[in-house]
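Listed below are the residues making up each chain.
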Amino acid sequence: MPDIHPHPVSPVRSVRPAVLADEAALGELDRSTWSTLHAVMPKPQPPYAPFFDDRHRPEEFLVAEAENAAGEVSIAGYIRLVPPTPMACNAHVRQIQGLAVADWARGRGVARTLLRAAFAAARSAGANRMTLRVLGHNAPARALYESEGFVVEGVLPGEFFLGGRYVDDVMMGRSLAP
C-alpha cells in the first residue's frame, strides 16, 4: 500500500503552553490553515492582526511541536482552552475555542494529542467538563471529537451564512471524569 504521506513526520515531540515568542509561528499557522470548513470569519488579509491580544492570551493555548519533513522541530498545531464565561457557577467547564494543525502534520495524531493534553490541563485546573462548537459541515472535526468522547448536545440550525449557504452550529460536550 503506498504511503499517503510523502513527507514522513515524527510524532509529536512535546505539548507545552504557548509563550509570547510563539506569536509569529502561531499567526502563520492560523493563516495557513484558514478554511471555509471551520472559519466563520473572512480569510485574513494583510496587514495581519496580532495573534495574541487582550482576548487571546498565550496562557490559553497549548502548542504541539513535531519534526517536520526538513528534520526541524517546529510548531505542528495548537489548541485554545478557556473558561466559557467569567461566572463562578460554571468555572468547572473549559471550552475549546480553536484547534489548528499544520498541513505538513495532518494525519499524524497531532489534533488527538492536543485534545488529550487539553483534557489533562483542564482536569488539573479543576474542570470536570469540556465543551466546544463546530460547524455542522466539518465532518472530519466532528468525527475526531466523537472519537474522543464528545457528544452533540445541541444544534443551532442555519446559525451562520457562509459561502452562500446556511451552516449549522453544533455544540458538543463531554465529561472529564476519569
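First, a word on scope: everything that follows refers to the structure included in this document.

Parameters and conventions
- Residues numbered from 1 in each chain as written.
- Predicted model: local features only at pLDDT ≥ 70, side-chain atom pairs only at ≥ 80, totals over all residues.
- Heavy atoms only, no water.
- Helix = DSSP H or I, 4+ residues; strand = E, 2+ residues; numbered from the N terminus.
- Contact = heavy atoms within 4.5 Å.
- Areas by Shrake-Rupley, 256 points an atom, 1.4 Å probe, with all protein chains shown as cover.
- Lys, Arg positive; Asp, Glu negative; His and termini not counted.
- Charge placed at Lys NZ, Arg CZ, Asp CG, Glu CD.
- Phe/Tyr/Trp six-rings, centres within 6.5 Å; stacked < 30°, edge-to-face > 60°.
- Buried < 20%, exposed > 50% of the residue type's maximum accessible area, 1.4 Å probe, protein only.
- Salt bridge = Lys/Arg side-chain N within 4 Å of Asp/Glu carboxyl O.

1. Details of the overall build of the protein
Regarding its fold elements, the protein presents three helices and seven strands. Listing each helix as α and each strand as β along the protein from the N terminus yields β-α-β-β-β-α-β-α-β-β. With respect to the three principal axes, the spread of C-alpha positions in the protein is 45 × 45 × 40 Å. Residue pairs at least 24 apart in sequence account for 63% of intrachain contacts in the protein once pairs closer than 6 positions are excluded. If you sum the accessible surface of the protein, you get close to 10,100 Å²; carbon and sulfur atoms cover 58% of it. Each charge sign in the protein was given a centre, from 18 positive and 19 negative side chains, and these centres are 5 Å apart.

2. A word on the packing of aromatic side chains
Within this structure, the stated rule accounts for eight aromatic pairs. Judged by centre distance (5.5 Å) and plane angle (70 degrees), the rings of Phe61 and Tyr78 are edge-to-face. Highlighted residues: Phe61 in strand E2 (residues 61–67) and Tyr78 in strand E3 (residues 73–82), separated in sequence by 17 residues. Judged by relative accessible area, Phe61 falls into the buried class, the value being 3%. Plain terms: the ring middles of Phe161 and Tyr166 are 4.7 Å apart, the flat faces sit at 55 degrees to each other, and that makes the pair tilted. Each member of the pair, Phe161 as well as Tyr166, is classed as exposed.

3. A few points about the pattern of salt bridges
Summed over the entire model, instances satisfying the criterion amount to twelve salt bridges. Residue Asp22 pairs with Arg16 through a salt bridge whose shortest N-O separation is 2.8 Å. By relative accessible area, which is 7% here, Asp22 ends up buried. Its relative accessible area of 22% is what places Arg16 among the partly exposed residues. Salt-bridge contacts for Glu65 lead to Arg16; the nearest nitrogen and oxygen are separated by 3.2 Å. Of this pair, Glu65 sits in strand E2 while Arg16 sits in strand E1 (residues 12–17), and the two are 49 residues apart along the sequence. For Glu65, a relative accessible area of 19% corresponds to the buried category. Put simply, Arg57, Glu59, Glu60 and Arg80 are held in one network by salt bridges that share partners.

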